[in-house]
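# Structural overview
In case you want the letters, here they are:
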Amino acid sequence: MSPHPALPNGPFARLGHWCGRRRWPVMITWLVLLVVGAVFAMRAADQLTPGGFEISGSSSDIARTTIAEKFTADFPSSVTVTIDGRGASAAAVLATVDAVEAAVRDDPLVGGVTGPRQDPALLAEGGRVAFVEVGLNKGLDQALNDVASVVDAAQGAAQPGVQVEVTGSPSIFNDFNEVNNADLAKSEAVQVPLLILILVLVFGSLIAAGIPIATTVVALVVTLGLVFFIAQVVDLSIYVKNVVPLVGIGVGVDYTLFILTRYREELHSGRTPLEAIQVTSGTAGRAIFFSGLTVVVALAGMFAVGVPIFTGFAFGTIAVVFLAVLVALTLVPAILTALGHRVFKWDVGHRILRAVGLGRRPPVEEQVGRGFWVRWAEWVMDHAWLCVISTAVVLLALASPVLAMRLGSSGITALPKDTTSVRGAELVAEVQGPGAVSPIEVVADFRGQPVDQAAVAALAQAIARDPEVAAVQSKPDVSGDGTVALFNVYAKHIDDAPEAQDLVGRILDDYVPATAAISPALVSVGGGASQNRDFTDTVATNLPWVIGLVMILTFLVLVVLFRSLLLPLKAVVMTLLSVLAAYGVLVMVFQWGYGDSLLGFDHLGHVTNWVPPFLFSILFGLSMDYEVFLLSRVREHREHHGDDREAVAWGLARTGRIISAAALIMIVVFLTFLLNRLIPIKESALGLAVAIFLDATLVRILMVPAFMRLAGKWNWWLPGPLDRVLPRFDEGEIPAAPSR
């Protein structure tokens, strides 16, 4: 008979007990979900799109939709085949042109081909450089799935001494896809062995180490299957393939890790497996639920950015966190109850530690009262002011470069230089000018009236005088109904450059208002530079609102969990410091170029515009994991013993080692994504790793115990009226587990 008759009986404890009693039906249910999820997960990638950067109602969006509606004779998308024969003869170039045209014309995606024989302007450099324009029958999103065959056919037609590349939006995003897929596989190949090694060292047992990996795989596969269905109603970016595992592996492994640790602690105290899982679910399970809720609340902040790519990120990451929590609260208790004490057999970790000359480290419950973390907590609380001030100084110093942060676009410049679309774009820029890679499109819609050619010419002449303009299309195109005019403006810089985006601003704010004749028309500006400008401006405008919304919602969730006003306020302020410090590191590395050669890229002089709001939502959620687990144990001890200082030491002793292990796991996961050659993914990975490191070290094991020591009884202050109206999630009595 168990020596602990008093067991928690709240909703989470009852759920854990139910899953433990019905372990086989629960595991079979998840197995079915895994199989079904795998079927649709394999098809999910085909549903992802390269877009998501459009700003509804913006100038670039109006131009894009107007062109699509009025210029229907044009192909929905196109690629440019570049043929460089400067090391060969003009005859070899023309032979390659003929071979390329013949090779791509038979592809069902291709609707038309125009080469130098049809348009002599497509020849340059004395006939040793040529371009072939290939019109595609599908729009960008649909063409992405099939354009690889066009690229392969064109490159396969190259003659000796002639280099053939393919550029243009479909080819660029095809390269993004291929680089992303290849590098994602590299990251995963490195992640799994490292995660297994860390988990083996934490638990000793190979079985215990395998459970977090297995359950995380279940959550990821089911999520990716769900992504297939979400993509039917919401446009999801190709980057979702990165952010789902980026977040899912971190939270999935961590949540199972916390469950396993508490389960081992309860088994060690003498409880039966079913009792142990009931207590574990009522304590660690409850903390996981609220941790997951804070993560979801933070991720939901991405909806407030108002940009489709963030909406997709929010759906994908919220889905994987939801499933990670569901797995931790249902599948993990079922597995642990089925295995019982066997979970911690096969102590491989002990052998590894002995092999490197280290003795066996006892489980955390054997160290309470005499281990490192108790001594550390006592030292921190004895030097509370020193710890708070020194930590704040370090975080503020790291955050200071944020004042110089400049957001920018990372389109084709984010790709490795050895990809075909980059090499092709470089040749176009070299021969025709940087602006020819993605021209600025000026659209004049006369709203049902005939185009005023003189007014359009006057606007074009005004724009042509701008020092950033290399050329303007000599004769504007006119729509089939004669009501819309379109002409291209070729800037002296590529569309990612701030100079090209500033030119868009001058066209809209200066040249259009100054050209009185064009006033009857609605003038919009499209093209890559305009879209990049609209996207960056929208992100910069909405980022403060996202930060405020996430902080307020997180604060409210933590008030309910901890029944305190000061602790949640402290949590959001300290987490904000960690995030700002991570931003500062991004500025130093990716904007200023510190260490860029070490990380294998050339810095672009800015931080990618979508990375800061994405990182903020992710980091604010993930950082709260450690806050919730640490303070849940502190609160648990305080409720039973009433001593604040002892509760802080006890809570840190019970969670310090496991929080460090969980943080190490997350950091390893994030750092492996630095193997990805796409610069925005590198930015995200480094920012996440830095923030989690700072949060798990400076904040959770220095600042938090020091602050709680200084705050004393005010840590748990809650006004009486608020205490009466807030919902309670008590799990009932949980007696302190005795030492063996």
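None of the values given here were measured: they were computed from a predicted structure. (Residues numbered from 1 in each chain as written. Predicted model: local features only at pLDDT ≥ 70, side-chain atom pairs only at ≥ 80, totals over all residues. Heavy atoms only, no water.)

## Here's the deal with the overall build of the protein chain
Along its length, the protein chain carries 24 helices and twelve strands. Whereas a compact globule of 740 residues would reach a radius of gyration of roughly 27 Å, the protein chain reaches 30 Å, a difference of no more than 12%. C-alpha extents for the protein chain along the principal axes are approximately 90 × 50 × 45 Å. The burial tally for the protein chain puts 58% of its 740 residues in the buried class. (Helix = DSSP H or I, 4+ residues; strand = E, 2+ residues; numbered from the N terminus. Rg over C-alpha atoms; globule rule 2.2 N^0.38 Å. Buried < 20%, exposed > 50% of the residue type's maximum accessible area, 1.4 Å probe, protein only.)

## Describing the pairing of strand S4 (residues 129-136)
The buried fraction of S4 is high, at seven of eight residues. Of the strand pairs in this sheet, strand S1 (residues 77-84) and S4 are connected by eight bridges, and their pairing is antiparallel. Note on S4: the bridge partner recorded for Ile83 is Ala130. Pairing analysis gives four bridges linking strand S2 (residues 110-114) to S4, with the strands arranged antiparallel. Looking at the pairing, Val113 lines up with Val134 of S4. Where strand S3 (residues 123-124) lies against S4, two bridges are found, and the strand directions are antiparallel. Along S4, the bridge assignment pairs Ala124 with Val129. Where S3 folds back on S4, the antiparallel hairpin that results is connected by four residues, among which Glu125 adopts a positive phi of roughly 55°. (Pairing = 2+ DSSP bridges.)

## A look at helix H4 (residues 90-105)
Helix length check: H4 (16 residues) gives 22 Å between terminal C-alpha atoms against 22 Å at 1.5 Å per residue, within 8%. Inspection of H4 places Ala92, Val93, Thr96, Val97, Val100, Glu101 and Val104 among the buried residues, and these make up the whole buried set. In this structure, the buried residues of H4 make contact with S1, S2, S4, helix H6 (147-156) and strand S5 (163-167). (Expected span 1.5 Å × (residues − 1). Contact = heavy atoms within 4.5 Å.)

## Quick word on the packing of aromatic side chains
Considering all chains together, one arrives at 18 aromatic pairs under this definition. Through pairs of rings, three or more aromatic residues link up here, namely Phe310, Phe313, Phe535, Trp610 and Phe614. (Phe/Tyr/Trp six-rings, centres within 6.5 Å; stacked < 30°, edge-to-face > 60°.)

## Thoughts on the packing of H4 against H6
Between H4 and H6, the least distance of the axes is 8 Å, while the angle of their chain directions is 150°. It follows from the interaxial angle that H4 and H6 lie roughly antiparallel. In this structure, the crossing between H4 and H6 has a hand that is right-handed. Residue-level inspection shows Val100, Ala103 and Val104 of H4 in contact with H6, the latter providing Val150, Ala153 and Ala154. (Axes fitted to C-alpha atoms, helices over the stretch in contact; angles between N-to-C directions. Parallel < 35°, antiparallel > 145°, perpendicular 65-115°, else oblique. Left-handed = near helix turned anticlockwise from the far one by under 90°.)

## As for helix H16 (residues 420-432)
When the terminal C-alpha atoms of H16 are compared, their 18 Å separation across 13 residues agrees well with the 18 Å that a helix rising 1.5 Å per residue should span. For H16, the complete set of buried residues consists of Thr420, Ser421, Val422, Gly424, Ala425, Leu427 and Val428. Looking at the buried residues of H16, the elements they touch are S1, S4, H6, S5 and helix H7 (169-203). Where H16 terminates, the next one or two residues include Gly433, which has phi positive at roughly 105°.

## Topic: the pattern of salt bridges
Per the stated rule, a full pass over the model turns up 18 salt bridges. When the shortest N-O distance is used, the salt bridge between Arg86 and Asp84 registers 3.0 Å. Relative accessible area serves as the criterion here: at 35%, Arg86 is assigned to the partly exposed category. A salt bridge links Asp183 to Lys186, with the nearest nitrogen and oxygen atoms 3.7 Å apart. Placement of both Asp183 and Lys186 in helix H7 is noted, with a separation of three residues, approximately one turn of the helix. Residue Lys186 is classed as partly exposed on the basis of its relative accessible area, which comes to 44%. What emerges from the salt-bridge pattern is a single network uniting Lys570, Glu627, Asp695 and Arg700. (Salt bridge = Lys/Arg side-chain N within 4 Å of Asp/Glu carboxyl O.)

## Re the environment of Val557
Turning to its location among the elements, Val557 is positioned in helix H19 (residues 528-562). Taking C-alpha positions, Val557 is 8.6 Å from Val297, a pair spaced 260 residues apart along the chain. Excluding residues within four positions of it along the chain, Val557 makes contact with Phe290, Leu293, Thr294 and Val297.

## Let's talk about the nonpolar core
Judged by nonpolar contacts, the single largest core of 185 residues is most densely connected at Tyr255, Phe310, Phe313 and Phe614. Of the residues forming this core, the biggest block, 19 residues, is contributed by helix H23 (residues 679-711). Those residues in contact with Phe313 that lie beyond four places of it in its chain are Tyr239, Val240, Val243, Met302, Trp610 and Phe614. (Core = buried A, V, L, I, M, F, W, Y, C linked by side-chain atoms within 4.5 Å.)

## Regarding the packing of helix H1 (residues 11-21) against helix H10 (residues 273-300)
Axis separation between H1 and H10 bottoms out at 7 Å; the angle between their running directions is 130°. What the angle tells us is that H1 and H10 run oblique. In this structure, H1 meets H10 at a crossing whose hand is right-handed. On the side of H1, the interface is formed by Phe12, Ala13, Gly16, His17, Gly20 and Arg21, while H10 contributes Leu274, Ile277, Gln278, Ser281, Gly282, Gly285, Arg286 and Phe289. Partitioning the contact of H1 with H10 into residue classes produces five nonpolar, seven polar and two charged. (Nonpolar A, V, L, I, M, F, W, Y, C, P; charged D, E, K, R; others polar.)

## Some words on the side chain of Thr672
Relative to the assigned elements, Thr672 resides in helix H22 (residues 644-672). For Thr672, the side chain forms a polar contact with the main-chain oxygen of Val669, separated by 2.6 Å. Excluding residues that lie within four positions of it along the chain, Thr672 makes contacts with Ser187, Val190 and Gln191. (Polar contact = N/O pair within 3.5 Å; in protein donor to acceptor, adjacent residues only side chain to side chain.)

## A word on a nonpolar patch on the surface
A grouping of Trp24, Ile28, Val32 and Val36 is seen on the molecular surface, where their side chains present a nonpolar patch of about 410 Å² in accessible area. With respect to the helices and strands, Val36 occurs in helix H2 (residues 23-44). (Patch = residues over 30% accessible without salt bridge, like charges linked within 9 Å, V, L, I, M, F, W, Y side chains within 5 Å. Areas by Shrake-Rupley, 256 points an atom, 1.4 Å probe, with all protein chains shown as cover.)

## Comments concerning the confidence of the model for the protein chain
When pLDDT is averaged along the protein chain, the result is 86, and 94% of the positions lie at 70 or above. For the stretch residues 1-5, pLDDT sits under 50, and the model shows six contacts to residues farther than four places along the chain or on other chains. When the criterion is pLDDT under 50, residues 735-740 qualifies, and its contacts beyond four places in sequence or with other chains add up to eleven contacts. (pLDDT = per-residue confidence, 0-100.)

## Thoughts on the environment of Gly139
Mapped onto the elements, Gly139 comes out in the loop between S4 and helix H5 (140-143). Judged by relative accessible area, Gly139 falls into the buried class, the value being 18%. Sequence-wise, Gly139 and Ala711 are 572 residues apart; in three dimensions their C-alpha atoms are separated by 60 Å. Apart from the residues lying within four places of it in its own chain, the contact partners of Gly139 are Pro76 and Ser77.

## Quick notes on the environment of Ala455
For Ala455, the location among the structural elements is in helix H17 (residues 453-464). Each C-alpha atom, one on Ala455 and one on Ala517, is 4.9 Å from the other, the two residues being 62 residues apart in sequence. For Ala455, the contacting residues outside a window of four places in its chain are Thr515, Ala517 and Ile518.

## A short note on unusual backbone geometry
The phi angle of most residues is negative, glycine excepted, and most peptide bonds adopt the trans form. Backbone geometry at Glu125 places phi at a positive 55°, although glycine is not the residue there. Note that Glu125 resides in the loop between S3 and S4. Despite not being glycine, Arg447 shows a phi value in the positive range, around 55°. Mapped onto the fold, Arg447 is located in the loop between strand S7 (440-445) and H17. According to the relative accessible area criterion, Arg447 is exposed, its value standing at 54%.

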